[in-house]
Amino acid sequence: MPIRSVVRPTYLVLCSAIFLLPVGCKTSQPTTSQSRVQTGQGVYQYKEEDPTLKPFYSDRQGVTGRNGMVASAHPEASQVGLNILKAGGNAVDAAVAMQFALAVVYPGAGNIGGGGFMVYRDKSGKASTLDYREKAPGKATPNMYLDSAGNVRAGGLSMSGHLASGVPGSVAGMVQAHQKFGKLTWPQVLQPAVDLAEKGFALTERDATGLNRIKDDLLKYNPGKTYFMHPEGRAWAKGDLLVQTDLGSTLRRIQTQGRDGFYGGETARLVAAEMQRGGGLISEADLANYQAIWREPIREGYKNFNVITMPPTSSGGIALVQLLRYIEPFPIRRWGWNRDSTAQVMIEAERRVYADRAKFLGDPDFVKVPSAQLMDRTYLQNQWATFNFSKATDSKTIHGGSLPGYESLETTHFSVVDRDGNAVSITTTLNGGYGSRVVVGGAGFFMNNEMDDFSIKPGTPNMYGLIGNQANAIAPNKRMLSSMTPTILERDGKLFMVVGTPGGSTIMTSVFQTVVNVIEHGMTMQQSVNALKFHHQWLPDKTIFENGAFTEATKQALIGRGYVLEQLTNTLGRMDCVLVRPDGSYEGASDPRADNTAMGF
């Protein structure tokens, strides 16, 4: 149950902050008795004697290397990436190989039946971003999930089953990335995934648990098929060998035919037949017409750092810049990690950013997205004018701002840096875990359920509780809005950090906190990944947090100002990141709560 305010303070200093430092406000200050952790970026401080402050959920240490670093959600995929780097491949070669390897060993989110985003920075500092987000099928309509009365139809049709799938983009994205920046041959970077599919790999405990969990849905949405079922009819267990013969054949077609091995020929025929069998809309023509798009990257400053991140159809890049600029005037380093004033400023920034997301953001090929205006500091000052240190802002009073000229959780991330300093940040997804739960007959891969990321009805939340409006309405061949936030940071013009995470609607805030933990609180990359997190997304009007993220004093201070807090039983984010340390070596950091693995040499 949410922790709700039961008492109000009799007096709090009222502070007006319109991008001015909150002079005179009561804030958290470091105490005299502290423990210091020396890091590569500074000194992270926390109160040793405070038993309610547990900043880290693990004491895992980062992996270091000078010649290359990879971090991903699965050890097999990380090993593939590392082997490609050792074989003389560059960061893009490794990233492409990892994308296809994850499609084999991490079917809950790794994919060829989904889509994603890539941020690339070469060793000279030139940046590129690739949008290989899925598209609505040509036969999609704005009201395809509504009944005759305009209400959302029962059955979760945008989340499960054939009608939930958009046209996949992952293969097209990898083909274009490799053609533009790859060094090794296409067959070379595909071979590891082919081997993993055809020869099989040993399941981790988490792999086995995931496949066992979806057994009923596999049977429901795939009648007559045996994909991802144990050949002996029993439950999967750690160490079992998963062999995927049909997927191996699909990967071989992609390996020998490139783009045409997926978007044409046998694979396209199998996808279209599967869609027709289950009432889906994707046709062979939809597949043939799909194209990934190179977009102009967002490059914006925060102090002496430069943020290189995704533009729409990702909402994450704009959101990350907004979040950083909202907190920039405040001394959160002095206040301390997750102390009451630090958390309050960050929560209020998140509240405003998600309101903007709901109002303004969508596919820029269909709607005018006022990206520059949303990141403009004057606009952000105006949005911040209602902030008050004495009490929480009511989300009902926050709306996407007024802009002149405006026309009206399961994902995976991986990061790669090679010996030359080329860097890749990729976030890719099927949307929900195992996507639509539909496996393409004869091809052996899961389809996405990305149609749920559209606003299927204005004001109706999706599976992550996100509200959308007309800018993100369904239209044929339109890309659905995403929260994915693959990002690369520079410090003083040099490569500094590669960062990203899965997490549905919480992606943007998890990336935000991970960046801030390093830049402002002096954490190492792995400490920042280990650090407990919180999240607010405008609606519903509550702050969720991981157990231990706030001290009891901080919780009571926030409650006293009117914040609704809800402790999570699960976790936020699954970060896989790389940091350039002061000596020029790389620190790879991966989430210790799952199979995430960083490897370097």
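The rules behind each value
Residues numbered from 1 in each chain as written. Predicted model: local features only at pLDDT ≥ 70, side-chain atom pairs only at ≥ 80, totals over all residues. Heavy atoms only, no water. UniProt positions renumbered as here; feature names shortened; annotations may be inferred. Helix = DSSP H or I, 4+ residues; strand = E, 2+ residues; numbered from the N terminus. Buried < 20%, exposed > 50% of the residue type's maximum accessible area, 1.4 Å probe, protein only. Areas by Shrake-Rupley, 256 points an atom, 1.4 Å probe, with all protein chains shown as cover. Polar contact = N/O pair within 3.5 Å; in protein donor to acceptor, adjacent residues only side chain to side chain. Contact = heavy atoms within 4.5 Å. Pairing = 2+ DSSP bridges. Axes fitted to C-alpha atoms, helices over the stretch in contact; angles between N-to-C directions. Salt bridge = Lys/Arg side-chain N within 4 Å of Asp/Glu carboxyl O. Expected span 1.5 Å × (residues − 1).

In the annotation of an unreviewed UniProt entry, the protein is listed under the name Glutathione hydrolase proenzyme and assigned to Fibrivirga algicola. As stated in UniProt under Sequence similarities (unreviewed entry), the record for the protein gives "Belongs to the gamma-glutamyltransferase family." According to UniProt, the comment filed for the protein under the heading Subunit (unreviewed entry) is "This enzyme consists of two polypeptide chains, which are synthesized in precursor form from a single polypeptide."

J.: Lay out the overall build of the protein with the relevant residues and their values.
T.: The number of helices and strands found in the protein is 18 helices and 21 strands. The 601 residues of the protein split such that 64% are buried. Carbon and sulfur atoms make up 50% of the accessible area of the protein, which amounts to about 21400 Å² in all.

J.: Describe the side chain of Glu490, and please don't skip the residues or the numbers.
T.: Of note, Glu490 is situated in strand 14 (residues 487-491). Among the polar contacts made by the side chain of Glu490, one reaches the side chain of Arg121 at a distance of 2.7 Å. Residues within four places of Glu490 in sequence aside, it is in contact with Arg121, Gly125, Arg299, Asn304, Phe305, Asn306, Ile308 and Phe496.

J.: So what about the sheet that holds strand 18 (residues 565-567)? Which residues, and what values?
T.: If you trace the 3 strands from one edge of the open sheet to the other, you get 16-17-18, paired in mixed fashion. The open sheet is flanked by strand 16 (534-535) and strand 18, the only strands paired with a single partner. Across 3 bridges, strand 17 (residues 543-545) lies against strand 18 in parallel orientation. Paired with Phe545 across the strands is Gln567, a residue of strand 18.

J.: So what about the side chain of Asp93? Which residues, and what values?
T.: Residue position: Asp93 is located in helix 2 (residues 91-105). When sequence neighbours within four positions are dropped, the list of residues in contact with Asp93 reads Ile84, His178, Gly182, Lys183, Leu184 and Val189.

J.: Account for the sheet that holds strand 21 (residues 597-600), with residues named and values stated.
T.: Hydrogen bonds between backbone groups are what pair the strands of a sheet, and the pairing can be parallel or antiparallel. Reading across from one edge, 9-6-5-13-12-4-21 is the order of the 7 strands in this open sheet, with antiparallel pairing throughout. Looking at strand neighbours, the two that pair on one side only are strand 9 (293-295) and strand 21, the edges of this open sheet. Sheet twist, expressed as the mean angle between neighbouring strand axes with direction ignored, is 15 degrees. Looking at chain direction, strand 4 (residues 68-72) and strand 21 are connected through 4 bridges and run antiparallel.

J.: I'd like a description of unusual backbone geometry, backed by residues and values.
T.: The omega torsion of the bond from Leu539 to Pro540 falls at -5 degrees, within 30 degrees of zero and hence cis. Within the chain, Tyr434 stands out as a residue other than glycine whose phi angle is a positive 60 degrees.

J.: Can you break down the pattern of salt bridges residue by residue, with the values?
T.: Counted according to the given criterion, the structure contains 31 salt bridges. The partner of Asp583 in a salt bridge is Arg66, and the shortest N-O contact between them spans 3.4 Å. Under the relative-accessibility criterion, Arg66 is labelled partly exposed at 49%. Salt-bridge contacts for Arg133 lead to Asp453; the nearest nitrogen and oxygen are separated by 2.6 Å. Overall, the relative accessible area of 0% leaves Arg133 in the buried class.

J.: Give me helix 13 (residues 340-360): which residues, what numbers.
T.: The periodicity of an α-helix, 3.6 residues per turn, causes residues three or four places apart in sequence to face the same way. Compared with the 30 Å implied by 1.5 Å per residue over 21 residues, the 30 Å span of helix 13 between its first and last C-alpha is a close match. Among the 21 residues in helix 13, 20 count as buried, and that is most of the element.

J.: Report on the pairing of strand 6 (residues 127-132), specifying residues and quantitative values.
T.: Of all 6 residues in strand 6, 6 are buried; the element is thus mostly enclosed. Burial of the side chains of strand 6 extends over both faces: Ala127, Thr129 and Asp131 are buried on one face and Ser128, Leu130 and Tyr132 on the other. Across 6 bridges, the pairing between strand 5 (residues 115-121) and strand 6 is antiparallel. Bridge pairing in strand 6 links Gly116 to Tyr132. In the sheet, strand 6 pairs with strand 9 via 3 bridges, with the strands oriented antiparallel. Residue pairing in the sheet places Thr129 in a bridge with Arg295 of strand 9.

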